[in-house]
Amino acid sequence: MYFRKGQVDEAEKIAAMAEAHSKKLGYQQGYIMSLNLYARVYYRRGNYDSSISYSSQALKLAQQINDSVLQSSSLIALGSANSYMGNNNQAIDYYFKGLAIEEKLKQQENLQWYFNNIGNVFSNMKNYPKALEYTIKAKNIVEKSTDKKYLGMVYNNIGWIYMLLEKNDSARFALEKSLKIAEEENDKYSIALCLDNLSQLFIKLKQFDKAYEYSTRSYEISRLQGLKEQTVASLISMGTIQIQRNRFTEAENDLNRAMQMAKSINSKALARDAALQFARLYHKQEKYKQAHSYYKIYSEIK
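Rules used throughout
What you see as residue numbers is a count from 1 along each chain, following the sequence as written. Reporting in this predicted model follows two pLDDT cut-offs: at least 70 for local features of residues, and 80 or more for side-chain atom pairs to be given and counted; totals over whole chains, interfaces and linings ignore these cut-offs and use all residues. Side-chain figures throughout are based on the complete set of non-hydrogen atoms in the structure, without hydrogens or water. Angular values range over 0 to 180 degrees, each being the angle between N-to-C directions of two axes fitted as lines to C-alpha atoms, with helices fitted over their stretch in contact. We count a stretch as a helix when DSSP gives it H or I for four or more residues in a row; a strand needs E for two or more, and each element gets its number in order from the N terminus. By definition in this entry, angles of less than 35 degrees are roughly parallel, angles greater than 145 are roughly antiparallel, angles of 65 to 115 are roughly perpendicular, and the rest are oblique. It is the rotation of the near helix from the far one that decides the hand of a crossing: anticlockwise by less than a right angle makes it left-handed, clockwise makes it right-handed. Contact criterion: two residues are considered in contact whenever any of their non-hydrogen atoms come within 4.5 Å of each other. Charged means Asp, Glu, Lys or Arg here, nonpolar means Ala, Val, Leu, Ile, Met, Phe, Trp, Tyr, Cys or Pro, and polar covers whatever is left, Gly included. Only residues whose relative accessible area exceeds 30% and that form no salt bridge are eligible for patches; like-charged ones are grouped when within 9 Å, while nonpolar side chains (Val, Leu, Ile, Met, Phe, Trp, Tyr) are grouped when within 5 Å. Accessible surface area values rest on a Shrake-Rupley calculation with a 1.4 Å probe, where residue burial reflects the displayed protein chains alone. A side-chain nitrogen of Lys or Arg and a carboxyl oxygen of Asp or Glu constitute a salt bridge if their distance falls within 4 Å. Only protein chains enter the calculation, and the probe is 1.4 Å; a residue is then buried if its accessible area is under 20% of its type maximum, exposed if over 50%, and partly exposed in between. Expected span, for any helix, means 1.5 Å times one less than how many residues it has. When we speak of the arc, we mean the arc of directions from the helix axis to the C-beta atoms. Here a polar contact is taken to be a pair of N or O atoms separated by no more than 3.5 Å, where protein atoms must pair a possible hydrogen donor with a possible acceptor and residues adjacent in sequence count only if both atoms sit in side chains.

Colleague: Tell me about the packing of helix H8 (residues 151-164) against helix H9 (residues 168-185), residues and numbers included.
Modeller: For the pair H8 and H9, interaxial distance at closest approach is 7 Å and the crossing angle is 160°. By the criterion of interaxial angle, the relationship of H8 to H9 is roughly antiparallel. Judged by the sense of rotation from one axis to the other, the crossing of H8 with H9 is left-handed. Two secondary-structure elements touch here, H8 through Leu151, Gly152, Met153, Tyr155, Asn156, Ile158, Gly159, Trp160, Tyr162 and Met163 and H9 through Asn168, Ser170, Ala171, Ala174, Leu175, Lys177, Ser178 and Ile181. Each residue belonging to the contact of H8 with H9 can be placed in one class, and the counts come to eleven nonpolar, six polar and one charged.

What follows is the structure, given as structure tokens:
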């Protein structure tokens, strides 16, 4: 619950307690569960290398005891960390390996998240029809469940894909529905993510004041909750809006902070996004040498 609501410090305390009790009791499954929870805490904080280390340990131990449930949990964590880092091919490989295991389980607790996360990776790879296909699969599972707490996140991703498909009315409907659910659940991570996505939508609609309102709200929530990846994303949104407002000093400050944080958490995807906005910033100011330099950085980050 703490992890879902973006309260990563509390989630880490739970992981530490689970680890200590499991070691004391010699309970191997509990110890592996604690490793997977640590992995989720660290990728939510933007510490992807540590996340991958914990989930890799968990996967190895789960394979040794032939526990399919824990293998699935480890693989989805590995996929998530690689996805956040921009390693789309590795992410999709982990997700499909995990999905093959998950689909054979009697209780498929991660199934909707495999579909949802695979949809995210296809979106990152600009394969929007596939992205929508898998995200709709996730939505169908969640809607049939008596527990609707994850519905907001799924609607958020559907809204994002509709936005990329230029279906702006459908995007706004889905994103606002997602935000309402997240606020009812007090899910800080989902609130911050959804606010930033709404900001992106209003940038497309050239409603820059509204876009800036949403992006700054996202930034403040992310910063206070220690959600580094989303903090960077919000800063990039803020910089993008300031470029459109011709507030170049403010844009440069936001993008500098974003680039420094993106590098510190080893997120190639976010560093690439920041570099592109830097290029647009300098191009708009007719500083073509600096713009060319950042376009080159943007093109070289894979």
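Text resumes after the structure shown.
Colleague: How would you sum up a nonpolar patch on the surface? Please name residues and give values.
Modeller: A surface patch of nonpolar side chains, amounting to about 350 Å² of accessible area, comprises Leu25, Tyr27 and Met33. Exposure remark for Tyr27: the relative accessible area of 42% places this residue in the partly exposed category.

Colleague: Help me get a handle on H9, residues and values and all.
Modeller: Note on helix geometry: an α-helix contains 3.6 residues per turn, so any two residues three or four positions apart are oriented the same way. Taking 1.5 Å of rise per residue, the 18 residues of H9 would be expected to cover 26 Å, and the 26 Å separating its terminal C-alpha atoms lies within 8% of that figure. Here H9 has its buried residues at Ala171, Ala174, Leu175, Ser178, Leu179, Ile181 and Ala182. Take H9 and look down its axis: the buried residues cluster within an arc of 165°, on one side only. Opposite the packed face of H9, turned more than 90 degrees from it, sit the exposed residues Asp169, Phe173, Lys180 and Glu184. Tucked into the core, H9 has its buried residues touching H8 and helix H10 (188-204). Once H9 finishes, Asn186 follows within two positions and takes phi at roughly 55°, a positive value.

Colleague: Give me the lowdown on the side chain of Asn87, citing residues and values where you can.
Modeller: In this fold, Asn87 is placed in the loop between helix H4 (68-85) and helix H5 (88-102). One polar contact links Asn87 to Lys268, side chain to side chain, over a distance of 2.9 Å.

Colleague: Kindly report on the pattern of salt bridges, identifying the contributing residues and their values.
Modeller: Across all of its chains, the model carries 14 salt bridges by this definition. Put simply, Glu10 and Lys13 hold a salt bridge, and the shortest N to O gap is 3.4 Å. On the criterion of helical spacing, the pair formed by Glu10 and Lys13 is a turn pair, its members being three residues apart in helix H1 (residues 8-25). Overall, the relative accessible area of 30% leaves Glu10 in the partly exposed class. Residue Asp209 pairs with Arg245 through a salt bridge whose shortest N-O separation is 2.9 Å. In this pair, Asp209 sits in helix H11 (residues 208-225) while Arg245 sits in the loop between helix H12 (228-244) and helix H13 (248-264), placing the two residues 36 residues apart along the sequence. Taken together, the shared-partner salt bridges connect Lys130, Glu133 and Lys137 into one network.

Colleague: Please give an account of H11 that cites residues and values.
Modeller: In a regular helix each residue adds 1.5 Å, so 18 residues correspond to 26 Å; H11 covers 26 Å between its end C-alpha atoms and thus fits that length. Within H11 the residues assigned to the buried category are Phe208, Ala211, Tyr214, Ser215, Ser218, Tyr219 and Ser222. For H11, the angular spread of the buried residues around the axis is 140°, confining them to a single face. Exposed side chains of H11 directed beyond 90 degrees from the buried face belong to Asp209 and Leu224. Close packing links the buried residues of H11 with H10, H12 and H13. Trailing H11 by a residue or two, Gly226 shows a phi angle of about 70°, which is positive.

Colleague: So, unusual backbone geometry: which residues are in play, and what are the values?
Modeller: Note: most peptide bonds trans; most residues except glycine with negative phi. At Glu166, a position not held by glycine, the phi torsion is positive, near 65°. Of the residues examined, Glu166 reaches a relative accessible area of 52% and is grouped as exposed. Notably, Lys206 is not glycine yet its phi reads approximately 60°, a positive angle.

Colleague: Please provide a residue-by-residue account of the side chain of Ser74, values included.
Modeller: Summarising the element assignment, Ser74 is placed in helix H4. Taking relative accessible area as the criterion, Ser74 reaches 0% and is therefore assigned buried. At 3.2 Å, the side chain of Ser74 forms a polar contact with the side chain of Asn36. Setting aside residues no more than four positions away along its own chain, Ser74 makes contact with Asn36, Ser55, Ala58 and Leu59.

These results come straight from atomic positions and should not be treated as a statement about function.
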